[in-house]
Number of protein chains: 2
Amino acid sequence: MTMVNAAYGQLPPAFFFTRLNDTVAAYELAHPDKGLLRLGVGDVTGPLSLTVIEALRRAVSEQSRRETFHGYLPETGMAFFKAAVAAYYGGRNVSLSPDEIFVSSGAADDLGALGNLFSPAARVLVTEPAYPAYVDTSRMAGRKILHLLGTRENGFLPLPGDDLDADLVYLCSPNNPTGTAYTRPQLQRWVDWANDRQAVILFDAAYEAFVQDGDVPRSIYELPGAKTCAIEICSLSKTAGFTGMRLGYTVVPKELVREGFSLHDMWIKDRTTRTNGVSYILQRAGAAALSPEGMVQNRLAIRRYQENGRILSDVIARAGRWFTGGRNAPYLWLPCPEGKSGWDFFQELLERAQIVVTPGEGFGQGGEGYVRLSCFGSREDTEEAALRLTKLL
Amino acid sequence: MTMVNAAYGQLPPAFFFTRLNDTVAAYELAHPDKGLLRLGVGDVTGPLSLTVIEALRRAVSEQSRRETFHGYLPETGMAFFKAAVAAYYGGRNVSLSPDEIFVSSGAADDLGALGNLFSPAARVLVTEPAYPAYVDTSRMAGRKILHLLGTRENGFLPLPGDDLDADLVYLCSPNNPTGTAYTRPQLQRWVDWANDRQAVILFDAAYEAFVQDGDVPRSIYELPGAKTCAIEICSLSKTAGFTGMRLGYTVVPKELVREGFSLHDMWIKDRTTRTNGVSYILQRAGAAALSPEGMVQNRLAIRRYQENGRILSDVIARAGRWFTGGRNAPYLWLPCPEGKSGWDFFQELLERAQIVVTPGEGFGQGGEGYVRLSCFGSREDTEEAALRLTKLL
């Protein structure tokens with residue numbers, strides 16, 4: 001009789017970011033005079049918008065007085081924040097009922113918990129390279145994992161073939177780490193495939209606010225048929241700089257039924273059993289961030305990151321190098337020079353140009369031989385990195 | 001091939017609180033002139049202490065400036081808050097390493113996630129009546145559940161017999177809903193039993209700050225041997241009035257090893273995979289709440305609730321009625337008059353005294369025939385309830 005979930009023992013040790021951080025720290029220690037340009041992390045550089053700060057201050061004041069104090073909250077989220085999210089989708093002509101919106105502490109948390117709804121027998125398909133948690137949480141649940149690889153040939157936008165079979169599919173568009181994004185017809189192929197196979201798509205829309213091209217959907221629900229096959233996970237981390245705030249939401253449509261079970265009802269049951277909801281003050285901050293006034297400020301911040309994307313894209317394109325991303329997502333995905341691994345190229349960029357990138361190996365299968373550049377650096381660092389890359393490439 | 005976790009379909013519909021709330025709402029509608037005294041909910045009545053409010057304001061200001069902005073945070077919690085928790089335990093002579101402390105969004109969230117570490121084959125023992133999530137999350141994982149019942153005979157403090165066998169045991173002391181609390185020798189029996197059987201205790205310490213008696217441990221780690229058999233889940237909800245803030249912590253000792261697996265290492269892996277940590281501003285608020293200055297204010301608030309407990313206890317004792325609780329926990333647990341169910345007595349108290357309590361049926365096996373009274377009401381409501389109970393009992 002075993003009591004421990006032995007699947008945890010089969011996970012690779014989490015050495016990737018340890019190795020990355022240790023290497024960078026060692027280089028910095030040995031070369032304290034050389035300014036490092038950090039294009040590795042996918043974190044915003046802040047600060048929060050004034051609209052959000054004011055909402056936080058008001059909410060904190062409410063919590064300081066008995067008459068306006070909020071104790072326990074609805075587990076799936078407060079009506080005012082759900083309404084703000086519904087209105088945000090409404091602005092893109094996606095109609096959601098507020099009770100299809102579940103407030104979370106961020107996309108990572110819900111991606112970690114949504115697996116609860118499925119059996120260990122569910123066959124998982126991960127389009128890779130990918131955010132590592134898709135594979136790791138599936139492994140922790142003891143599920144069989146199929147990998148569908150992004151490649152230079154398919155432009156890092158893999159599509160389902162007729163012979164593809166799986167129960168759960170992780171899609172992330174706009175994509176981390178490759179910066180690619182499915183067009184409407186491409187994503188429709190996934191929706192049709194999922195409805196056909198009775199599969200469920202877990203659609204990670206964390207980077208939706210970066211979409212610039214009109215033919216790229218920001219929500220999977222922009223496509224006909226998506227409500228009968230897709231759960232959408234989103235976050236304010238990248239939309240409103242909430243990485244240190246922790247607030248997101250997941251949409252589970254009422255039409256989503258599998259094997260006679262309403263996944264919507266199951267998720268209500270899951271959330272009301274496993275959480276007591278998200279902090280009142282964070283939900284007030286979130287509603288402010290998604291308000292028309294808040295969105296004006298969010299877009300200004302996003303535009304700065306998009307401009308960084310253009311700066312880096314220009315330099316790489318001028319050097320005649322093929323790459324993906326930099327337009328609809330805050331990442332660029334760059335092949336390494338012939339025969340070099342992501343780690344080799346990472347090391348070369350660190351030593352020769354003092355630029356920190358992320359080796360593609362950190363994103364699972366299909367990542368080797370690539371590096372990811374982030375657009376979340378400051379304008380100054382990005383410009384300086386562009387100059388150094390011009391010399392190097 | 002099934003892809004859905006069918007165990008969710010076997011859960012009873014969540015009608016308990018719907019029925020309770022609907023009944024109270026209907027009564028209020030029919031009798032708008034009769035003031036209801038709400039001793040049903042286990043929620044604090046706030047507000048947050050001044051120390052916490054000031055820390056929140058400072059943290060919000062930090063998030064408003066690029067120089068002091070915090071983005072992504074360590075998944076298991078920030079060093080300053082872990083240090084505050086370790087110091088809080090240190091004040092009770094419990095020595096914890098900060099990296100044994102895992103910051104959470106509250107006890108409910110971690111109780112919902114800790115099951116990840118164990119296999120579906122783990123046999124779960126729940127001491128009941130209990131917080132319903134222990135049973136429900138175990139059912140969702142498809143685990144076999146054994147029930148060990150609190151009764152009038154064992155004073156609602158069930159202890160392990162020699163023949164008791166299980167892998168995982170949920171203990172809550174001080175207890176919700178019965179208000180009882182294990183003494184040191186009693187809890188030691190559980191610790192010794194668990195070490196003997198290689199079982200793991202999930203110790204819910206959410207009400208530790210209410211302990212008044214010197215022979216009642218506030219942490220299971222006050223007992224020798226606990227670090228090799230127990231995980232402690234705690235929260236600032238009741239300690240510092242954080243029910244609407246959502247902040248807690250879980251202790252997984254490094255010595256806790258089962259079947260060759262370090263549960264400590266497994267929990268690090270789980271948290272770093274399934275979450276991106278807890279909001280910076282909430283952790284600053286938590287550190288302020290656990291500071292010496294914050295604890296002075298927490299204790300004043302807790303003393304008010306404890307005084308409510310004394311008021312209610314006096315009335316019930318004077319009426320010659322047996323009950324548990326009201327001293328080391330903010331709940332009283334009262335048998336219904338002969339032959340009445342919890343629902344019957346709930347209805348009677350509502351109609352004859354306009355007092356809202358919680359029927360024991362909401363807390364699983366062993367709850368029928370009892371009601372729970374909460375000490376979280378205002379002083380005025382509690383005094384009025386005491387007067388009305390005097391007439392009724």
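Residues numbered from 1 in each chain as written. Chains lettered and ligands numbered in written order. Predicted model: local features only at pLDDT ≥ 70, side-chain atom pairs only at ≥ 80, totals over all residues. Heavy atoms only, no water.

Asks: Go over the interface of chain A and chain B, please, and point to the residues and values.
Replies: By a widely used convention, the size of an interface equals the accessible area lost when the partners come together. If you look at the interface, chain A gives 75 residues, while chain B gives 75 residues. With both sides pooled, the region where chain A packs onto chain B buries about 6400 Å², and carbon together with sulfur makes up 59% of that total. On the chain A side of the contact with chain B, A:Met3, A:Tyr8 and A:Arg274 bury the most area, a combined 13% of that side's loss. Applying the counting rule to chain A against chain B returns zero salt bridges. At the junction of chain A and chain B, the tally comes to 38 residue pairs in polar contact (both at pLDDT 80 or more). Put simply, the parts of the chain that give the side of chain A that touches chain B at least two residues each are helix H2 (50-63), helix H4 (107-113), helix H5 (133-140), helix H7 (263-274) and helix H8 (280-290) of chain A. (Contact = heavy atoms within 4.5 Å. Buried area = accessible area lost by both parts, 1.4 Å probe. Salt bridge = Lys/Arg side-chain N within 4 Å of Asp/Glu carboxyl O. Polar contact = N/O pair within 3.5 Å; in protein donor to acceptor, adjacent residues only side chain to side chain. Helix = DSSP H or I, 4+ residues; strand = E, 2+ residues; numbered from the N terminus.)

Asks: Please provide a residue-by-residue account of the sheet that holds strand S14 (residues 358-359) of chain A, values included.
Replies: Strand order across the open sheet formed by four strands is S11-S12-S15-S14 (chain A), with antiparallel pairing between neighbours. Edge strands, defined here as strands with exactly one partner in the open sheet, are strand S11 (324-325) and S14 of chain A. (Pairing = 2+ DSSP bridges.)

Asks: Residue-level account of helix H11 (residues 379-392) of chain A, with values.
Replies: All names here are of chain A. Helix length check: H11, at 14 residues, gives a terminal C-alpha distance of 20 Å against a target of 20 Å (1.5 Å per residue), a fit within 8%. Those residues of H11 lying buried are Thr382, Ala385, Ala386, Leu389 and Leu392. End-on, the buried residues of H11 take up no more than an arc of 125 degrees, which puts them together on one face. Exposed residues pointing more than 90 degrees away from the buried face of H11 are listed as Glu380, Leu387, Thr390 and Lys391. The inward-facing, buried residues of H11 contact strand S1 (37-38), helix H9 (292-318), helix H10 (342-353), strand S13 (355-356) and strand S15 (370-374). (Expected span 1.5 Å × (residues − 1). Buried < 20%, exposed > 50% of the residue type's maximum accessible area, 1.4 Å probe, protein only. Arc of directions from axis to C-beta.)

Asks: Describe the packing of aromatic side chains, and please don't skip the residues or the numbers.
Replies: Going through the model one piece at a time under the given rule, you end up with 38 aromatic pairs over all chains. Consider the rings of B:Phe156 and B:Tyr370, whose centres lie 5.0 Å apart with planes at 80 degrees: the pair is edge-to-face. Taken together, the residues B:Phe156 in the loop between strand S4 (145-149) and strand S5 (168-172) and B:Tyr370 in strand S15 (residues 370-374) connect sequence positions 214 residues apart. Here B:Phe156 falls in the buried class, since its relative accessible area comes to 4%. One aromatic cluster is present, built from ring pairs that chain together A:Phe156, A:Trp322, A:Trp333, A:Phe363 and A:Tyr370. (Phe/Tyr/Trp six-rings, centres within 6.5 Å; stacked < 30°, edge-to-face > 60°.)

Asks: For the packing of H7(A) against helix H5 (residues 133-140) of chain B, give the residues involved together with the corresponding values.
Replies: Where H7(A) meets H5(B), the closest approach of the two axes is 9 Å, and the angle between their N-to-C directions is 140 degrees. In this view, H7(A) runs oblique relative to H5(B), as classed from their interaxial angle. Once H7(A) is placed against H5(B), the crossing between them reads as left-handed. For the pair formed by H7(A) and H5(B), the contact residues are A:Lys269, A:Asp270, A:Thr273 and A:Arg274 on the first element and B:Ala133, B:Asp136, B:Thr137 and B:Met140 on the second. Residues that form the contact of H7(A) with H5(B) fall into these classes: two nonpolar, two polar and four charged. (Axes fitted to C-alpha atoms, helices over the stretch in contact; angles between N-to-C directions. Parallel < 35°, antiparallel > 145°, perpendicular 65-115°, else oblique. Left-handed = near helix turned anticlockwise from the far one by under 90°. Nonpolar A, V, L, I, M, F, W, Y, C, P; charged D, E, K, R; others polar.)

Asks: So what about the sheet that holds strand S3 (residues 124-128) of chain B? Which residues, and what values?
Replies: Residues and elements named next belong to chain B. Ordered in space as S2-S8-S7-S6-S5-S3-S4, the seven strands form an open sheet in which the pairing is mixed. This sheet does not close on itself; its edge strands, each paired only once, are strand S2 (101-104) and S4. Pairwise comparison of adjacent strand axes, ignoring direction, gives a mean angle of 20 degrees for this sheet. In this structure, strand S6 (residues 200-204) lies alongside strand S7 (residues 230-235), joined through four bridges in parallel fashion. Within S7, the residue paired with leucine 202 across the bridge is isoleucine 231. Docked against the sheet, helix H3 (residues 79-90) engages S2, S7 and strand S8 (248-251), running at close to 70 degrees with respect to S8.

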